[in-house]
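Observations on the three-dimensional arrangement
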Amino acid sequence: MQPASKANQHTTRISAHLHPPNFQAKGTALGFKVAILGAAGGIGQPLAMLMKINLLISVLHLYDVVNTPGITADISHMDTGAVVRGFLGQQQLEEALVGMDLVIIPAGVPRKPGMTRDDLFNINAGIARTLCEGIVKSCLKAIVNLISNPVNSTVPIAAEVFKRAGTYDPKRLLGVTMLNVVRANTFVAEVLGLDPREVDVPVVGGHAGMMILPLLSQVKPLCSFTPPEIEYLTSRIQNGGTEVVEAKAGADSATLYMAHAAVKFANACLCMLRGDAGNFEYAFVASQVTELLFFASKVRLGHTGAEEVLLLGPLNEYEGAGLEKAKKELAESIRKGVSFIKK
Ligand code: NAD
């Protein structure tokens, strides 16, 4: 037998540590199996920690191209039910994905000051494609929650990868736009003097800048805003990501409240897989609500995925004008994603 190379010895040690032999936690058959791809990142780490305490999860796979051994060891010491396993590097991608019910993807490069989400396109497009090819091979029925930006383009990329493989089911591919809803609820609650948990702000459209369309005329509880309040809230909701990027002075983008938003959305997906009825969330999905192929709007989550995409409801003049502007830019982001794979 050839002596193992240094790199191989390292991988073997990591595997032995991350996959304890013959270990089966009590109750693992009952919960869902969830993989996080990009688990070592700014979003991935808090997301992994929060998913480890989710009672619906029995097995949690943490995959990244760096640092998963340490993060897996760290999180696996939490005294909660889910069994955690780590996977490092592309050679372990398919293994990380085998049998998963839900795959959450925050892998990729985040925005730095001055960068738009589209600047990220070339790097993150390739990452999204590789990871979706892994899903095709190992868990083609999984629900996919795609977080990597630009979501407006990475979701069409994922759809094209799945179409090429003949496995595309639009109901199972969900771009995560929950962050916009979370921040909209927070900012609107501040203006109304309410608890954000009592506020429901519809946010539709796309997932960058002016493509993010808060429908302030449809806020619940019923309320009205002055024109300056509408300007302030719309602008703050659309630019909330930039607010965090600038406040962190380039060190990071929105990671902690993004992890919270991702957990809220993933939890809704797990409840949907469990068969809970009447679960509605906002997501960027294949859509016929407008003439665009994809659009973020309210969806009804049923046990097979996003089973219904709801119409936008009545828009006022301000929102109608915003929608027209957003659609132009969104159409270009979608086209870019589709043609990345077609090329
Ligand atoms: P980060 O750089 O802190 O983490 C990204 C992680 O992805 C890193 O650990 C990196 O090693 C990993 N990665 C890179 N290439 C990979 C590959 N081929 N396979 C697996 N993992 C890989 O970035 P972050 O702040 O966690 O952001 C991650 C992504 O989420 C970015 O694209 C960011 O723009 C996006 N994001 C989305 C939203 C949203 O609302 N959907 C909000 C904030 C950030």
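The text that follows walks through the structure, step by step, so that each part is easy to find. Since this is a predicted model, take the numbers as computed values, not measurements.

Looking at the nonpolar core
Within the largest apolar cluster, 107 residues are counted, with the highest numbers of intra-cluster contacts made by Leu 47 and Met 51. Examining the composition of this core, we find that twelve residues originate from one element, helix 10 (residues 256-274), more than from any other. Each of two domains, domain 1 (24-175) and domain 2 (178-342), supplies a minimum of three residues to this core. Sequence-distant contacts of Leu 47, that is, excluding residues within four places in its chain, are made with Ile 36, Ile 104, Pro 106, Ile 147, Ala 259, Ala 262 and Val 263.

Some points on the site of the ligand
If you check the shell around the ligand, you find 29 residues, and the closest are Gly 42, Ile 43, Asp 64, Gly 108 and His 207. Note that an oxygen atom of the ligand is positioned 2.8 Å from one of the side-chain N or O atoms of His 207. For the shell around the ligand, the secondary structure elements donating two or more residues are strand 2 (57-64) and helix 5 (121-138). Take the shell around the ligand: its biggest share by element is three residues, from helix 5. By residue class, the composition of the shell around the ligand is 18 nonpolar, ten polar and one charged. Taken domain by domain, the makeup of the shell around the ligand includes at least three residues from each of domain 1 (24-175) and domain 2 (178-342).

Cut-off values and rules
Residues numbered from 1 in each chain as written. Predicted model: local features only at pLDDT ≥ 70, side-chain atom pairs only at ≥ 80, totals over all residues. Heavy atoms only, no water. Core = buried A, V, L, I, M, F, W, Y, C linked by side-chain atoms within 4.5 Å. Buried < 20%, exposed > 50% of the residue type's maximum accessible area, 1.4 Å probe, protein only. Helix = DSSP H or I, 4+ residues; strand = E, 2+ residues; numbered from the N terminus. Domains from an automatic or database assignment. Contact = heavy atoms within 4.5 Å. Near = heavy atom within 4 Å. Polar contact = N/O pair within 3.5 Å; in protein donor to acceptor, adjacent residues only side chain to side chain. Nonpolar A, V, L, I, M, F, W, Y, C, P; charged D, E, K, R; others polar.

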